[in-house]
Amino acid sequence: MSSTLAGGFGIAALFVAVLALVFAVQALRGQTAAAKEVPPVAPPKTELPPRPEPKPGTVGAQLHALGRQLDQTQAGLKLSLQHLAIVRYDAFGDMGGRMSWSVALLDDNGDGVVLTSINSRNDARSYAKEIKAFQSEAKLSPEEEEALETLRKQAAAPAAPEHD
């Protein structure tokens, strides 16, 4: 009797979950339709005059200092290795599982490194090649070129708008 009761509660819970999912999908569709109907209005672009330096020790001065620190941090991030593309492959026909790989690690300027590990049944070899402006002085393998090309295409694509 208790297993029948538990089964009944399980079916009721499943029904409530499906009903909630249906309502959520309908709400999302309504939001999407409303967003498509009303074109966004861009505010008029006006140049604001530079603000005077705030008085030391005030909240305005602290915000101004934080703004400068944020600008410096963002400039530093452009030089960090933050873009990554990896290509896995079988370097030899006698191994399966795509155990070899090439990974490109680049900054916003296209500078960085391509790392490669070629794995066989008997050994593994690793290589590192320097990249400057999406180019290498060393000859790149087709897999290394593929990883580099992936990041080159991402850099050329327009940036997606940020969401707050």
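One can find the structure itself at the top, above this paragraph.
Residues numbered from 1 in each chain as written. Predicted model: local features only at pLDDT ≥ 70, side-chain atom pairs only at ≥ 80, totals over all residues. Heavy atoms only, no water.

Colleague: Could you give an account of the side chain of Ser100, naming the residues involved and the relevant values?
Modeller: Note that Ser100 resides in strand S2 (residues 100-106). In terms of polar contacts, Ser100 uses its side chain to reach the backbone amide nitrogen of Asn119, at 3.0 Å. Leave out the neighbours within four places in its chain, and Ser100 touches Val87, Arg88, Tyr89, Ala91, Ser117, Ile118 and Asn119. (Helix = DSSP H or I, 4+ residues; strand = E, 2+ residues; numbered from the N terminus. Polar contact = N/O pair within 3.5 Å; in protein donor to acceptor, adjacent residues only side chain to side chain. Contact = heavy atoms within 4.5 Å.)

Colleague: Summarise the layout of surface pockets; cite the residues concerned and give the values.
Modeller: In this structure, the largest pocket spans a volume of roughly 170 Å³. Gln82, His83, Leu106, Asp107, Asp108, Phe134, Leu151, Gln154 and Ala155 are the residues that line the largest pocket. Of all the elements, helix H3 (residues 142-156) adds the most residues to the lining of the largest pocket, at 3 residues. In the lining of the largest pocket, the residues fall into 4 nonpolar, 3 polar and 2 charged. (1 Å grid on protein atoms, 1.4 Å probe; cavity = no way out; pocket = protein on both sides within 12 Å on 5 of 7 lines; lining within 4 Å. Points joined across faces, edges and corners; volume = space filled by probe spheres on them. Nonpolar A, V, L, I, M, F, W, Y, C, P; charged D, E, K, R; others polar.)

Colleague: Could you give an account of the side chain of Thr116, naming the residues involved and the relevant values?
Modeller: In this structure, Thr116 sits in strand S3 (residues 112-119). Exposure remark for Thr116: the relative accessible area of 3% places this residue in the buried category. Reaching out from Thr116, the side chain makes a polar contact with the side chain of Ser102 at a distance of 3.0 Å. Residue contacts for Thr116: discarding those within four places in its chain leaves Tyr89, Trp101, Ser102, Arg125, Ser126, Tyr127 and Glu144. (Buried < 20%, exposed > 50% of the residue type's maximum accessible area, 1.4 Å probe, protein only.)

Colleague: How would you explain the sheet that holds S3 if you had to name every residue and give the values?
Modeller: The strand order across the open sheet formed by 4 strands is S1-S2-S3-S4, and the pairing between neighbours is antiparallel. The open sheet is flanked by strand S1 (83-89) and strand S4 (124-131), the only strands paired with a single partner. On average, each strand axis in the sheet is inclined to that of its neighbour by 10°, with strand direction left out of account. As defined by bridge partners, S2 adjoins S3 across 6 bridges and the pair is classed as antiparallel. What sits directly across from Trp101, in S3, is Ser117. On top of the sheet, H3 reaches S1, S2, S3 and S4; it is set at about 150° to S1, its chief contact. (Pairing = 2+ DSSP bridges. Axes fitted to C-alpha atoms, helices over the stretch in contact; angles between N-to-C directions.)

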